[in-house]
Amino acid sequence: MLICLTASHRNASFDLLEKLSIGAPTVAHTLVANSDFIQGAVLLATCNRFEAYLDVDEPLTAGAALAAREVIEAVSAASSVDAADVVDAVTLLSGDPVAEHLFSVSSGLESVVVGEDEIAGQVRRALQKARDEGTTSSALERLFQRASHTSRDVKSKTGVGAAGRSLVRLALELAESRVTDWAQAKVLLVGTGKYARVSLLALQERGVTDVTVYSPSARIAPFTARHGIGQVFGDDLVSTIAASDIIVTASQSPTVVLTAAHFSAAAGLPDARERRLVIDLGLPRNVDPTVAHVSGIELLDLETISLHAPIDEFSATTSARAMVDVAAAEFTAARTEAAVTPAVVALRSHFFDVLDAEIARAHARGDSTPETEAALRHLVGVLLHTPSVRARELARAGEGDSFVSALTALFGVTPAAPVAHTPIANIAPIASRDAASA
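Just so you know, these numbers come straight off a predicted model, no measurement behind them.

Between helix α9 (residues 194-205) and helix α10 (residues 220-227), the shortest axis-to-axis distance is 13 Å and the interhelical angle comes to 25 degrees. Viewed along their axes, α9 and α10 adopt a mutual orientation that is roughly parallel. Judged by the sense of rotation from one axis to the other, the crossing of α9 with α10 is right-handed. Together, Ala196, Arg197 and Leu200 of α9 and Phe223, Arg226 and His227 of α10 make up the contact between the two elements. In the contact of α9 with α10, the residues fall into three nonpolar, one polar and two charged.

So, in structure tokens, the structure goes:
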């Protein structure tokens, strides 16, 4: 059974998402290794959401609920967030809605900026990380691969994402009124990862040519060499801040990179800019929020940027959601068909076992020829075609059990029964393990 625990900008505070983004992505291996119910886990953490996708083996009707509690407890401990706060923030999806939700997320329909470019890549990387850590499963592989396929279809066949939207571009659009001439602006870029590359491209599209890069990581040399821009090291960071009109931070550092002390020191240097625009795209934050109180500094962080997200184009988004709905329905239908596969296999095995026994008796009598055997096998295959097709049709209509019952009634064939799953309505408050076992 597939379940999803999701917290996003729609139902969780920015501070909570920031905390979850630090510790929560590390718990997947522990969950799969230690849980009696969780067979696979893929964790997705972006600048505006945290989600845990789980493949749950539910031998008991409460298995999925117990798995959800295990996730919340693990995420709470790893992120230093009270479990009750996590429960309040997350929405729990189970069964068919999981596919529709992930397909919508990967297509950018649930993002702060509808149709953003980055989310599809983040979904793919979340799956790859799960593969690398050995926490994925065949069900999650199918789910995430189909999500990537759907997002490509949405991008190519609708207007959603056609403008190459992203939080980076939205941030720079918000900055337009603060920047007199992008071509004359001196920019300090903090970071060398994917978001930094996107930020650099967006800056260059606006005419920025004077960019210097700082990074706490060791990747700065190849990054600056590849893009032909200057770099700054720690000793010169303050003086570079002083000389910059715009600072854009997009580092993956788990701790704050720029503090109020950096900006206060920069303000005291000769020829320091009187005003600076600081755009913090990091999650967790790259810039200490107290920087906003330093004289001459205007800080745009993700929380502020999110409040100015534009209303999506209705027609394009409607078309995209229709495509997502169709893709989710097809995914669900395929999973439903798979549920009757054991019954179809059992039926085919029964018929061919009977045929093999008759052919064996014919051999013993000396009555069989290769031509006769081939004709009989072909006949059995033809006879099985219609019930096999009918089984899939019944499964899609939610009547797969009637096919299994018919097999038992007519032929005495009883395939292994699929595990029954009970949808989860909500998450009960988490009690301590000692209390739960009392």
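Moving on to the packing of helix α6 (residues 118-133) against helix α7 (residues 138-157). At a minimum axis distance of 10 Å, the contact between α6 and α7 shows a crossing angle of 160 degrees. It follows that α6 is roughly antiparallel to α7 by the angle criterion. In terms of crossing hand, the pair formed by α6 and α7 is left-handed. Side by side, α6 and α7 meet where Ala120, Val123, Arg124, Leu127 and Arg131 of the first sit next to Glu141, Phe144, Gln145, Ser148 and Ser151 of the second.

A separate point is empty space enclosed by the protein. In this approach, a probe sized like a water molecule rolls over the atoms, and the result shows the empty space that is left. Overall, the coordinates contain two cavities of 30 Å³ or more when judged by the stated rule. Forming the walls of the largest cavity are Pro25, Ala28, Val42, Leu43, Ala126, Lys129, Ala130 and Glu133. Within the residue set of the lining of the largest cavity, elements represented by two or more residues are β2 (38-46) and α6. Among the elements that line the lining of the largest cavity, the one with the most residues is α6, at four residues. Split by residue class, the lining of the largest cavity holds six nonpolar, no polar and two charged. Roughly 30 Å³ of volume is contained in the second largest cavity. The wall of the second largest cavity is formed by Leu5, Phe50, Val71, Ile72, Val75, Val86 and Val90. Top contributing element to the lining of the second largest cavity by residue count: helix α3 (residues 63-79), with three residues.

Now for the environment of Leu394. Checked against the element boundaries, Leu394 lands in helix α15 (residues 370-396). For Leu394, a relative accessible area of 10% puts it in the buried group. Through-space distance from the C-alpha of Leu394 to that of Val340 is 9.1 Å; in sequence the pair is 54 residues apart.

The rules we used
Residues numbered from 1 in each chain as written. Predicted model: local features only at pLDDT ≥ 70, side-chain atom pairs only at ≥ 80, totals over all residues. Heavy atoms only, no water. Axes fitted to C-alpha atoms, helices over the stretch in contact; angles between N-to-C directions. Helix = DSSP H or I, 4+ residues; strand = E, 2+ residues; numbered from the N terminus. Parallel < 35°, antiparallel > 145°, perpendicular 65-115°, else oblique. Left-handed = near helix turned anticlockwise from the far one by under 90°. Contact = heavy atoms within 4.5 Å. Nonpolar A, V, L, I, M, F, W, Y, C, P; charged D, E, K, R; others polar. 1 Å grid on protein atoms, 1.4 Å probe; cavity = no way out; pocket = protein on both sides within 12 Å on 5 of 7 lines; lining within 4 Å. Points joined across faces, edges and corners; volume = space filled by probe spheres on them. Buried < 20%, exposed > 50% of the residue type's maximum accessible area, 1.4 Å probe, protein only.

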